[in-house]
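As a plain string of letters, each chain reads:
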Amino acid sequence: METGRNPASGPKKSPFTPKAIIHQRFAAKACYKVEEVQEVAQNGCPGLVIPQKGPCLYRCTLQLPDFSVVSETFKRKKDAEQSAAEKAIQKLGIQPKEDNLTVEQAWDELAGRLSYLFSIEFLPSIHPLSGHFRAALQRGGHLSGFIPVAAIAAFDAKINSLCKYINPEVESNHILVMSLIIEAAKRLANTLLFSEEKLSLQRLNPHPPEIIQSLLKNESSFPESISIEAVRIPSSAEKIVEPSILDASFGNYYLDAIAKELGVKDASKVLISRTIGKASSETRLYFCAPESITIGPSSELHMKLASSFREFNALATYLSGQEIYGDAILASVGYTWKSTDLSYEDLSLRAYYRILANMIPSGIYKLSREAILAAELPTTFTTRSNWRGSLPRDILCTFCRQHRLSEPVFSSDSFEPLPDLTGRKRLRDTASSGDEINEGGLAATATAAAQGGCTLVYRCTVKIYSKYQDLILLCSPKESYKKQTDAIHNAALKVLLWLDRFLDKVAMSVEEMTSSAKGLDVLIYPQQFVKEFSSCQFLPKYRWSTATLADSSLCSSYSYVQKNTLEDEVASVRISGEYSGTTPSNGSLVCVTYNIYLVTEREGIKEQLEGSKEFEFEIGSGATSPVLEAVVTQMSIDQFACFTMELPSKEIVLAVARDSTTVLSLLSSGTCTMKCEVTLLRVTVPLEDRMEQALFTPPLSKQRVEYALQHIRESCAASLVDFGCGSGSLLESLLAYQTSLEKIVGVDISQKALARAAKVIEHMEEHEACLFGDIVLSSFCPQILIVSTPNYEYNVILQNSSPQCQEEDPDEKSQQQSCKFRNHDHKFEWTRQQFCQWASELALRHNYDVEFSGVGGEPNKEPGFASQIAVFRRKDGSPANADFTEHFDVIWEWSSSSNSRS
């Protein structure tokens, strides 16, 4: 079994990135320009001309005073920039300083860094820490000129890097960083004064007055009065998170304002977390330093952190990755590399709950779509062209960064199909050890295969390590894919789906964890995994898998039939507008306009929570709220629906609320409901349909209707029953032709089928299809039964891939390339032999004759018809006692006498 990697093993890296080295040398004279490069993806479907975009890549040009360099192409902008900087370093002949400082050398450099920070040269510079020095000069009385040690530890990256050489544990221990800074300051006793009481440092020789005056003059344009909205996170679970206002007016050091809000006397008693969320932001947690502080013989800070002093703040600890006791203030304020002015923005309750949402896979996806209420993390990755929002791999990388884990490692195995003795395609492993995938492009084996004209398929393995390089999760999917990117995203999605499931029930036992993970081909290393996610139990739940229609309607015109399934519940939702004939089916890409409101019927208040003029999602992929999808599948283009939904948790509502005060008031009233209005704008039919339309004239769907029409005319049938009629699209088509039919009836197993397109048997489970045949021929006893279903063997033509025998051993099957079903909603698809066997045995059991035909393709040419058809005819003299009244409900009916439908 694979174990975690030792961080001490392997080559040491430079403490500075290529961009940092270029910045040290050229500062603002280095200009980075990133351009987007669009690759064209090759379409493997013969005869099908559908332009497809390849992955979005980036190239960076770095302009220096004497020359410029251009990077390779990368999937991320920052990687392109680092590549350009690295090329410039090589061209300049700069040798980056290796990570080989001794502890004593690190101490010397740490003392030297402190000396520079308190120098006149540093004071006017643009740096996240220099603003604190300038603000400290404006502090009144005995605090004038004192810089809190916590600020130095939080805002100077080089200080932290040097401290890691001395003690690697500083990364997760802000108190230890402060201890090392104090010890280094003692080496500068001739220039720096350390105040144990204030836990601050001050320059012994004050800055010249003219320099201070010059700095104050440059900052005179700063607003005199500034109020910054922040959020207070209480340590007690019984208290609620609430907004807070900070006074950062001119002359008022903002850390002193935060100290006042926390109830301590000044900034020296405030500790500061690392940045929360994006690394480029200044959003941080501020919290109280313990009252009991002593300095050890080696300047080690001993802080009493017992629960008797302050209550452990679990949520703040989870957000920051640092132990926090007592209440905390979450604020977006500070100095940056861009300006000497104080940078700040209001941080509302909405922003706070969105930060929490960004800690969860489904929340990351929802935020990428700006649709927290409407979107859901899809349960399947069908095609990149149908995926909307951040891709699974990118979501997983974001998740790992948010949880302070190492970047996920993606390794691919490529396989080349070779013929075996049975004539089927086998797969040869061309990269058994796996190719680690970087952001720069595909593995080398793919390039080699493309040059050699080979067709490769891919599997991808995902490994997740802790920040200390302990392996905590391994995902090894069995499925293989024609595209390496598809393998990557499907593997990443499996990990995301399990992590989402885990975060929804953090308290699950080790047995539950391992068994639920196994179903998604995920292997958990429980001891290391639980250690990394022990505090997740304090997160609000952002899953909305149980969302349904509200029990009570918004107005009297809406009536809901009480059913056990969601589809049955939405069957009676009122839909307005003319029926256009174009409805969504599984695999369709739909676009809707929607708006979701918080409403109170009594007071007539309507507060918008979320909406979009164009919101796209793929039907059947789980990419949207189950309620919204169930309603949309009943609609045709340009139709409108309005319905009420159950309220989600307060945290989810606040994550979308623009006015938290109003929303909290409505929620507390206990009389509000959530209303959704949706209009279907357009429907893009599934790839299966588009491929059929491109390859067959007329399309297969029309050929199937014409085939059925021919047999109806020959039989002179007076009545017709369509089993699995769905929305009745086939029957609508039959009405366009003149036949002997006097009555047409549509039958389906439940009302939920109305929300889907017309079925054939491949949408059932395979055992249900067998049961269907027996029920129809024994209970309905039709004179003629026509059954059509896709020919699985024809998919090789549609998809330009190698078919796989469905009767193979599962272990052997997993080693081969799969030819995809034509629609991801299909539960099975039969080969000609399997279909023939099923139909022949069924006819024999019920005294029917059966003949085989099809549409699309040629019967005597491999691989046969695209759609295979079996026509069952009742043998002469066989009984026709049809006792079927208890087997179905009529949901679609047409009679020639009344020429009407019901």
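Here's what I pulled together on the structure shown here. From a predicted model like this one, the values you see are computed outputs, not experimental measurements.

### Observations regarding the pattern of salt bridges
Here is step 1: According to the stated counting rule, one finds 29 salt bridges in the structure shown.
Here is step 2: In this structure, the salt-bridge partner of D108 is R187, at a minimum N-O distance of 3.4 Å. One end of the pair, D108, is in helix α3 (residues 103-117); the other, R187, is in the loop between α7 (174-186) and β5 (192-195), and 79 residues separate them in sequence.
Here is step 3: Exposure remark for D108: the relative accessible area of 45% places this residue in the partly exposed category.
Here is step 4: Classification of R187 by relative accessible area gives partly exposed; the value is 38%.
Here is step 5: For R682, the salt bridge identified is with E616, shortest N-O distance 3.4 Å. Within this pair, whereas R682 is found in strand β25 (residues 672-684), its partner E616 is found in strand β23 (residues 605-618), the two being separated by 66 residues in sequence.

### Regarding the nonpolar core
Here is step 1: L114, Y286 and Y352 are the most contacted members of the largest nonpolar core, which has 171 residues in total.
Here is step 2: Here this core gets 12 residues from one element, more than from any other, and that element is helix α15 (residues 484-504).
Here is step 3: Formed by 21 residues, the second largest nonpolar core is a distinct cluster that contains V745, C781, L785 and F828.

### Structural notes on the pairing of strand β7 (residues 227-233)
Here is step 1: Of all 7 residues in β7, 5 are buried; the element is thus mostly enclosed.
Here is step 2: Pairing between β7 and strand β8 (residues 242-247): 6 bridges, direction antiparallel. By the bridge assignment, S227 is partnered in β8 with D247.
Here is step 3: Strand direction decides the pairing type here: β7 and strand β13 (residues 328-334), joined by 3 bridges, are antiparallel. Looking at β13, one finds that R232 is bridged to I329.

### Some words on the packing of aromatic side chains
Here is step 1: This model, assessed by the stated rule, comprises 22 aromatic pairs.
Here is step 2: Relative to F529, the ring of F502 has its centre 4.9 Å away and its plane inclined at 75 degrees; by these criteria the two rings are edge-to-face. Note that F502 is positioned in helix α15 and F529 in helix α17 (residues 526-532), a separation of 27 residues in sequence. You'll find F502 and F529 in the same group, each marked buried.
Here is step 3: On the numbers, 5.2 Å between centres and 40 degrees between planes, the contact of W830 with W838 is tilted. For the pair shown, W830 and W838 are each scored as buried.
Here is step 4: The rings of F399, W498, F502, F529 and F533 are connected pair by pair, giving a single aromatic cluster.

### Quick look at the environment of R602
Here is step 1: Tracing the backbone shows R602 in the loop between β22 (589-600) and β23.
Here is step 2: Overall, the relative accessible area of 71% leaves R602 in the exposed class.
Here is step 3: When the C-alpha atoms of R602 and C672 are compared, they prove to be 9.0 Å apart, with 70 residues separating the residues in sequence.

### Points about the sheet that holds strand β29 (residues 848-857)
Here is step 1: Overall, antiparallel pairing links the 3 strands, which are arranged β28-β30-β29 in an open sheet. Strands with a single pairing partner mark the edges of an open sheet, and in this sheet they are β28 (784-790) and β29. Sheet twist, expressed as the average angle between the axes of neighbouring strands with direction ignored, equals 20 degrees.
Here is step 2: With respect to the sheet, helix α28 (residues 832-845) is in contact with β28, β29 and β30 (865-874), its orientation differing from that of β30 by roughly 10 degrees.

### Details of the packing of α15 against helix α16 (residues 510-518)
Here is step 1: Where α15 meets α16, the axes come as close as 10 Å, and the angle between the chain directions of the two elements is 150 degrees. Considered as vectors, α15 and α16 are oriented roughly antiparallel to each other. Remark: the crossing between α15 and α16 carries right-handed chirality. Along the contact surface, α15 presents W498, R501 and F502, while α16 presents M513, S516 and A517.
Here is step 2: Split into classes, the residues belonging to the contact of α15 with α16 amount to 4 nonpolar, 1 polar and 1 charged.

### Structural notes on helix α2 (residues 77-92)
Three or four residues apart is the spacing at which side chains of an α-helix point the same way, because the helix has 3.6 residues per turn.
Here is step 1: In this model α2 runs 23 Å from its N-terminal to its C-terminal C-alpha over 16 residues, within 8% of the 22 Å that 1.5 Å per residue would give.
Here is step 2: G93, located one to two residues past α2, shows a positive phi value of around 75 degrees.

### What to know about helix α23 (residues 700-715)
Here is step 1: Compared with an ideal rise of 1.5 Å per residue, which puts 16 residues at 22 Å, α23 spans 23 Å between its outermost C-alpha atoms and is within 8% of the ideal.
Here is step 2: Taken together, the buried positions of α23 are L700, Q703, V705, Y707, A708, L709, H711, I712 and S715.
Here is step 3: Where α23 ends, the next residue or the one after it, C716, has phi of about 55 degrees, a positive value.

### Looking at the sheet that holds strand β6 (residues 200-203)
Here is step 1: The 3 strands are arranged β4-β6-β5 in an open sheet whose pairing can be described as antiparallel. A strand with exactly one partner marks an edge of an open sheet, and here the two such strands are β4 (147-148) and β5.

### A short note on unusual backbone geometry
Here is step 1: That bond from E862 to P863 is cis: its omega, 5 degrees, falls within 30 degrees of zero.
Here is step 2: When you line up the elements, P863 lands in the loop between β29 and β30.
Here is step 3: Phi is positive for R404, close to 55 degrees, though the residue is something other than glycine.
Here is step 4: Here R404 is to be found in the loop between α13 (392-402) and β15 (409-419).
Here is step 5: Using a relative accessible area of 22% as the deciding quantity, one classes R404 as partly exposed.
Here is step 6: Residues other than glycine seldom take positive phi values, yet N847 does so here, at roughly 60 degrees.
Here is step 7: With respect to the helices and strands, N847 occurs in the loop between α28 and β29.
Here is step 8: For N847, a relative accessible area of 35% translates into the label partly exposed.

Thresholds, definitions, all that
Residues numbered from 1 in each chain as written. Predicted model: local features only at pLDDT ≥ 70, side-chain atom pairs only at ≥ 80, totals over all residues. Heavy atoms only, no water. Salt bridge = Lys/Arg side-chain N within 4 Å of Asp/Glu carboxyl O. Helix = DSSP H or I, 4+ residues; strand = E, 2+ residues; numbered from the N terminus. Buried < 20%, exposed > 50% of the residue type's maximum accessible area, 1.4 Å probe, protein only. Core = buried A, V, L, I, M, F, W, Y, C linked by side-chain atoms within 4.5 Å. Pairing = 2+ DSSP bridges. Phe/Tyr/Trp six-rings, centres within 6.5 Å; stacked < 30°, edge-to-face > 60°. Axes fitted to C-alpha atoms, helices over the stretch in contact; angles between N-to-C directions. Contact = heavy atoms within 4.5 Å. Parallel < 35°, antiparallel > 145°, perpendicular 65-115°, else oblique. Left-handed = near helix turned anticlockwise from the far one by under 90°. Nonpolar A, V, L, I, M, F, W, Y, C, P; charged D, E, K, R; others polar. Expected span 1.5 Å × (residues − 1).

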